[in-house]
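# Chains, contacts and geometry: an overview
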Amino acid sequence: MRVGIARSLAYYDYYPLWETFFQCLGCQVVTSPATTPEIAKQGIAVAGDDVCYPVKVMHGHVAELANKVDMIFVPRLFSTAVGTCECPKFIGLADLLRHSIPNLPPLLSPYVNMYASKRGLLKAVFVAGRAITFNPGRIYGAFLAGRQALLASKRRLQSGQLPGLSRPQRGDKGTLAVIGHPYNLYDSYSNLRVVERLLQQGYRVLTPQMLPRKTLEAANAQLRKPLFWSAGRVVFGAGAHFATRPDVMGIIHLASFGCGLESLITDMVQRVAVKHGKPYLLLTMDEHTGEAGVETRLEAFLDLITWREATKCG
Amino acid sequence: MRLALGIDVGSVSTNLVAINESGQVQSKLYLRTQGNPIAVVQKGLSQLKAQLPEDITVVGCGVTGSGRQLVAHLVQADCVKNEITAHAMAALAVNPKVRTVIEIGGQDSKIIILRDGVVVDFAMNTICAAGTGSFLDRQAARLGVDISELGALALEAKQATRIAGRCAVFAESDMVHKQQMGHPIPDIVRGLCEALVRNYLNNVAKGKTIEPPIVFQGGVAANVGIRKAFQEALQQEVEVPEHYDVMGALGAALLAERATVALNQPSRWRGFSIAHADCQAVSHDCDGCANHCEVMEFRIAQQSVAFWGDRCGKWSQSSSVGVANN
């Protein structure tokens, strides 16, 4: 059986788990290619107009897979950590896709709810596995192997290696933190190559995924009330942590224009950055492909940092 | 006479400045871009040449503004810089103590925060062009007022009509509504100025500490109504420099001087003859890979001189002439 996985949204958090899981169950995993203008265009054409740009791009990826696979894996992510929720668009994603894109193969969308307990994940694992086999031992074995793969990829990230990057980071110009949702940080087309440009110019790039969970939790502890969204905890926690790090010369926040969560988090991170005197740049992305706006802001921000560092050294 | 040139190619206006060795503005031009940056820069260069004495040597040429990449190829600039850095340089030249720069142009508005002569923070308007020059232009045209008289009109107002400044579309419908209710035009214009300033302070300057000295530059600084509205909203003196309308170009010229004279480097500048050459930019979609980059090509007298816009470098690295990027 061929299982399709869209290279979009939660892919950037969980792909190693999903891939290994389905491969262990004897499936062939087909992943959509990195976002191209064609995929984005297709997504914009079929998606409802009030969803955010990344969800539109997701539609394009799923449409791309439509006639290449027997089913497409789009889990219904309600809660991926105890006491937190995912964005409503993640929760309803499978329904959005099913109603927007004609002639889709069946969508495999197990309900993932870890709000009350981590064990909620196992329920979803068995629902997903039963679409392929009725042998619970095999399903559990595939899940364990998948979890190993996910942990290994997390370790690679925490050691500072960016996904999809073969060369080690040069970092001779210094270190910058780039924060935001993983699907904005690691999708080079959607972020107008911001991370790529920084690497090319010789900056070392740190992302939230490179931080251990404990660090994020500690940074979140300064809030009077824990954030509701799991993604928000990661982005805010990373931003608040990087703001205090002496080796980080500045924070670049990549946000989607239509993102309700980011509309709050960007302001919260900015306040912490100002408090610690850390340069902060907010880049709001949408459907535009013109790179001039991003180029200008990024160049000015790097000028600011260079200028600042130069005066610091006397 | 040894001069450095600065060119700021903006969405609405294109400005040229020539400065002498002591950094003083020798000659300046403010032209409307009108959708054709190449032609307007060529026109500007020949006009500038006519204004300047015969015996001049250009020791450096800098470009800035949203059209900087294109024009950099046209003139072979020594320095291609973003507008933030250029505006900050110019403001520092005018007032070395400046701590806040407010710049409002055609489609952009920015705030630059400086401390001890160094940029420490900046922001630009995000997606929306509400509260920029284009919007004022449009409203002036709709009211049948010349844009240069809009500010003076606002000063005649007895009071300000309340206008929603959040969005250009809503502001316009609000203005039409107030006008139909019978509010006098000067009051509406003053209300518009206040709404624009409010919008700027709430959006662009959000979360920034505005400290004096404050320098207000960009085309919109010509508008005395906006100036007054800023002074009232900030309760601070707002300084408008003599060459407020060409500060980007002035900054580019200063940066070019730094890149050439200060480093003892010769200028790459193509010369004034380019004003009369047959120049053309064309684009095509590269089908080398799935990225389908829009590749730009620049031709002088039908000869390709530069390519850019490709992600992989297949075209740009084949260019016979690169462009300085410092």
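Residues numbered from 1 in each chain as written. Chains lettered and ligands numbered in written order. Predicted model: local features only at pLDDT ≥ 70, side-chain atom pairs only at ≥ 80, totals over all residues. Heavy atoms only, no water.

Let's shift gears to the nonpolar core. Ranked by size, the top nonpolar core spans 117 residues in total, and within it Phe21(A), Phe22(A), Leu97(A), Leu198(A), Phe242(A), Ile252(A) and Leu283(A) carry the most contacts. For this core, the leading source of residues is helix H13 (residues 292-312) of chain A, giving eight residues. What Leu198(A) contacts, discounting residues up to four positions off in sequence, is Leu176(A), Val178(A), Tyr203(A), Val205(A), Ile252(A), Leu298(A) and Leu302(A). Core analysis: the next-biggest nonpolar cluster, separate from the first, contains 37 residues, Leu150(B), Val204(B), Leu234(B) and Val238(B) among them. (Core = buried A, V, L, I, M, F, W, Y, C linked by side-chain atoms within 4.5 Å. Buried < 20%, exposed > 50% of the residue type's maximum accessible area, 1.4 Å probe, protein only. Helix = DSSP H or I, 4+ residues; strand = E, 2+ residues; numbered from the N terminus. Contact = heavy atoms within 4.5 Å.)

A few words on the domain arrangement of chain A. Residue and element names in this part refer to chain A. According to the domain assignment, chain A consists of domain 1 (2-157) and domain 2 (160-312). When each unit is reduced to the centre of its C-alpha atoms, the spacing between domain 1 and domain 2 is 26 Å. Across the boundary between the two partners, domain 1 contributes 25 residues, which contact 21 residues of domain 2. Taking both partners together, domain 1 and domain 2 bury about 2,000 Å²; carbon and sulfur atoms supply 59% of that area. Of all residues in domain 1, Tyr12, Tyr53 and Leu157 give up the largest surface area on contact with domain 2, accounting jointly for 36% of the area buried on that side. Taken together, the connections running from domain 1 to domain 2 amount to zero salt bridges. Taken together, the links from domain 1 to domain 2 amount to seven residue pairs in polar contact (both at pLDDT 80 or more). Of all the elements in the fold, those that place two or more residues in the side of domain 1 that touches domain 2 are helix H1 (11-24), helix H2 (37-46), helix H3 (53-65), helix H4 (88-91) and helix H7 (136-158). Per-element tally for the side of domain 1 that touches domain 2: the top contributor is H3, with four residues. By residue class, the composition of the side of domain 1 that touches domain 2 is 14 nonpolar, five polar and six charged. (Domains from an automatic or database assignment. Buried area = accessible area lost by both parts, 1.4 Å probe. Salt bridge = Lys/Arg side-chain N within 4 Å of Asp/Glu carboxyl O. Polar contact = N/O pair within 3.5 Å; in protein donor to acceptor, adjacent residues only side chain to side chain. Nonpolar A, V, L, I, M, F, W, Y, C, P; charged D, E, K, R; others polar.)

Let us look at the sheet that holds strand E10 (residues 280-285) of chain A. Neighbouring strands of a sheet are bound in pairs by backbone hydrogen bonds; such pairs are parallel or else antiparallel. Residues and elements named next belong to chain A. One open sheet accounts for four strands, arranged E8-E7-E9-E10; its pairing is parallel. Each having just a single partner strand, strand E8 (203-206) and E10 make up the two edges of the open sheet. Pairwise comparison of adjacent strand axes, ignoring direction, gives a mean angle of 25 degrees for this sheet. Relative to strand E9 (residues 248-256), strand E7 (residues 174-180) runs parallel, the two sharing five bridges. Its bridge partner lying in E9, isoleucine 179 is registered against histidine 253. Sheet contacts for helix H11 (residues 230-242): E7, E8 and E9; angle to E7, the most-contacted strand, approximately 155 degrees. (Pairing = 2+ DSSP bridges. Axes fitted to C-alpha atoms, helices over the stretch in contact; angles between N-to-C directions.)

Residue and element names in this part refer to chain B. Splitting chain B by domain gives domain 1 (2-88 + 248-276), domain 2 (97-240) and domain 3 (279-318). With eight residues of domain 1 at the interface, the matching set in domain 3 holds eight residues. Note on domain 1 versus domain 3: buried area summed over both sides is about 630 Å², and carbon and sulfur give 83% of it. There are zero salt bridges connecting domain 1 and domain 3. Here domain 1 is connected to domain 3 by zero residue pairs in polar contact (both at pLDDT 80 or more). For the side of domain 1 that touches domain 3, the secondary structure elements donating two or more residues are helix H1 (37-51) and helix H2 (68-75). In terms of residue count, H2 provides more of the side of domain 1 that touches domain 3 than any other element does, four residues in total. Residue composition of the side of domain 1 that touches domain 3, by class: four nonpolar, three polar and one charged.

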